[in-house]
Amino acid sequence: MTIREVARRAEVSIATVSRVLNHSKPVSEELKRRIEQAVREMGYLPNAVAQSMIQKRTGLIGVIVPEISNPYFSGLVEGIESVAHQHQSHIMLAISQKDPRREMDLLRIFQARQMDGIILAAARIDGELRRAVASLTIPYVLIGQRPTGLRALCIQVDNRRAAGEVIEHLMEKGHRRIGMISGPMWDLASGRERYEGYRDALWKAGKTPRPEWIAEEASFRLKDGVKGMEKILRADEPPTAVFCACDRMAVGAFQALESRGVRVPEQIAVAGFDDEEVATLIKPRLTTVRHSPFEMGRKATEGLMSILQEEESSPDEVIQIGHEPVVRESTTSVGE
């Protein structure tokens, strides 16, 4: 099937068919409908290589995320896809499993395959990976963090501020002994920044974080929440409230408390982060921080499309997505 046969069926010139298929020049709505109908009826598939040479675009966006089972990243990808679809682009999704060497390989592959641009969500960007990002010759957008000295458009949540607001809420409820189950500190956004928000809020209130009330875990899974809470409960004087770096860890903390007969929130209040669906399924419902991974993905793709349309270098800018503390029954006043 050739473009000539499509033109013959639609009773238009080959040039007019090319304009519609390549979106190169406007044509009347009547001609556009006739050509699109002919394409559907004949099952014509344009040559993608030829189109990319004409348009100087492949219509493909490379997307790299650490994992997809996490609802955060599935929401992120949905946001990316929603904007890509509006711009008649398609995404090629890769899962890095938080492996910097795999992320470097994927960056090289996506650039070699002539992606129009790349959206990278990495747990940390340093060392060789940072150099690989800096050497990209196609537009890119970072999600979650922007390393110092790296010029890039970055979309992120103000993790420090959001975590600090949770701690302030707990102190307003009368809690003074507040612990935390954190993720790994090498994860700059969800690990280090959320811990720093917790620490700074305590410092601001004249409190010093006690090591026996802090559990840094290897990842953000439910079992890490169980392990972290069990460690904290071994303290001679356990805290009256515990902030968890994500909702799944908070669910694990609930399980550890339940297994020991410790009541939430009467004996220990628990708060999380991310407002995943599970936050409203557990009892008592979880106090947490709401933000939108979908909005983050949408903003990242809008930024990338703007760079592509203007044919300019990536702006050196950080766009922060809004967040909102959501207070539920898992936190309460001391003695309430």
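Everything quoted here is computed from the prediction, not taken from an experiment. (Residues numbered from 1 in each chain as written. Predicted model: local features only at pLDDT ≥ 70, side-chain atom pairs only at ≥ 80, totals over all residues. Heavy atoms only, no water.)

S.K.: Would you take a moment to explain the environment of Arg210 for this structure?
M.R.: Tracing the backbone through its elements, the reader meets Arg210 in the loop between helix 9 (188-204) and strand 7 (214-216). Residue Arg210 is classed as partly exposed on the basis of its relative accessible area, which comes to 29%. Distance from Arg210 to Phe73, taken between C-alpha atoms, is 32 Å for residues 137 residues apart in sequence. (Helix = DSSP H or I, 4+ residues; strand = E, 2+ residues; numbered from the N terminus. Buried < 20%, exposed > 50% of the residue type's maximum accessible area, 1.4 Å probe, protein only.)

S.K.: Any chance you could explain the sheet that holds strand 5 (residues 153-157) here in plain terms?
M.R.: Strand pairing within a sheet occurs via backbone hydrogen bonds; the two strands may be parallel or antiparallel. Pairing within the open sheet is parallel, and its 6 strands lie in the order 2-1-3-4-5-11. Only two strands of the sheet have a single partner each, and these edge strands are strand 2 (90-95) and strand 11 (317-321). Across this sheet, the average inter-strand angle for adjacent strands is 20 degrees, counted without regard to direction. Here strand 4 (residues 140-143) runs beside strand 5; their pairing, made up of 3 bridges, is parallel. (Pairing = 2+ DSSP bridges. Axes fitted to C-alpha atoms, helices over the stretch in contact; angles between N-to-C directions.)

S.K.: Any chance you could explain the packing of helix 1 (residues 3-10) against helix 2 (residues 14-22) here in plain terms?
M.R.: The angle between the axes and the distance between the axes are what describe a pair of packed helices. Between helix 1 and helix 2, the least distance of the axes is 8 Å, while the angle of their chain directions is 105 degrees. What the angle tells us is that helix 1 and helix 2 run roughly perpendicular. Here Ile3, Arg4, Val6 and Ala7 of helix 1 come into contact with helix 2, specifically with Ile14, Val17, Ser18 and Leu21. Split into classes, the residues belonging to the contact of helix 1 with helix 2 amount to 6 nonpolar, 1 polar and 1 charged. (Parallel < 35°, antiparallel > 145°, perpendicular 65-115°, else oblique. Contact = heavy atoms within 4.5 Å. Nonpolar A, V, L, I, M, F, W, Y, C, P; charged D, E, K, R; others polar.)

This is a description of form; function is not addressed.
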